Amino acid sequence: MKKSKKVWLLAIPLILILGYMIWDAYSQPSIEDIPGNFEEVAFVRNEQNKGGIERIYAVSVGDIPNAKFEACAELFPTNDFNSVTRIFFFDKSKPYPTTLSLEPPYYDTTKYEAIHILKRRGSN
């Protein structure tokens, strides 16, 4: 009887901790949860794994006056070793690119106009 009680005293905290970890993993915010009606519409990443990783995102914004651009940008990944993440925000009611290039200017600037651009760098 005593041994069974010890097992339960160890098992219940472990089950609670595991349950919390699973809940936390599935309840992380996404760009849909941030004010601004954000939607990722295009993405490109370089294939270079030696040196800096470069990621470029195009995100459409439906509610520009209430958009939290910084909060949205914080959800996109960055890596160490001089990696760069560029996020271009476009008005959802106007044309926006659905493909991006790794070479500047990254999209056709004659057809599309970014309303906000953010760049994140990884640490050295």
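Attention in this report is confined to the structure presented alongside it. Computed from a predicted structure; not experimentally measured.

## As for the nonpolar core
Ranked by size, the top nonpolar core spans 14 residues in total, and within it Phe-38, Val-59, Phe-69, Cys-72, Phe-76, Ile-87 and Phe-89 carry the most contacts. Of all the elements in the fold, those that place two or more residues in this core are β2 (54-61), α2 (69-74) and β3 (84-91). With sequence-adjacent residues up to four places away left out, Cys-72 is seen in contact with Ile-31, Ile-34, Phe-38 and Phe-89. Judged by nonpolar contacts, the second largest core, of 11 residues, contains Val-41, Ile-56, Tyr-106 and Tyr-107.

## A short note on the pattern of salt bridges
Summed over all chains, the structure comprises four salt bridges. Between Lys-92 and Glu-39 there is a salt bridge; the shortest N-O distance is 3.4 Å. With Lys-92 in the loop between β3 and β4 (114-121) and Glu-39 in strand β1 (residues 38-45), this residue pair connects regions lying 53 residues apart in the sequence. Residue classification places Lys-92 among the partly exposed positions, given a relative accessible area of 26%. When the shortest N-O distance is used, the salt bridge between Arg-86 and Glu-54 registers 2.8 Å. In this pair, Arg-86 sits in strand β3 while Glu-54 sits in strand β2, placing the two residues 32 residues apart along the sequence. Looking at Arg-86, the relative accessible area reads 15%, which means it is buried. Using a relative accessible area of 22% as the deciding quantity, one classes Glu-54 as partly exposed. Several salt bridges converge on common partners, so that one network encompasses Glu-70, Glu-74 and Arg-120.

## Remarks on the packing of aromatic side chains
If you walk through the whole model with that rule in mind, you get nine aromatic pairs. Centroid distance Phe-69 to Phe-89: 4.9 Å. Interplanar angle 70°. Geometry classified as edge-to-face. You can see Phe-69 sitting in helix α2 and its partner Phe-89 sitting in strand β3, a full 20 residues away along the chain. On the basis of relative accessibility, which here comes to 0%, the residue Phe-89 falls in the buried class.

Thresholds applied
- Residues numbered from 1 in each chain as written.
- Predicted model: local features only at pLDDT ≥ 70, side-chain atom pairs only at ≥ 80, totals over all residues.
- Heavy atoms only, no water.
- Core = buried A, V, L, I, M, F, W, Y, C linked by side-chain atoms within 4.5 Å.
- Buried < 20%, exposed > 50% of the residue type's maximum accessible area, 1.4 Å probe, protein only.
- Helix = DSSP H or I, 4+ residues; strand = E, 2+ residues; numbered from the N terminus.
- Contact = heavy atoms within 4.5 Å.
- Salt bridge = Lys/Arg side-chain N within 4 Å of Asp/Glu carboxyl O.
- Phe/Tyr/Trp six-rings, centres within 6.5 Å; stacked < 30°, edge-to-face > 60°.

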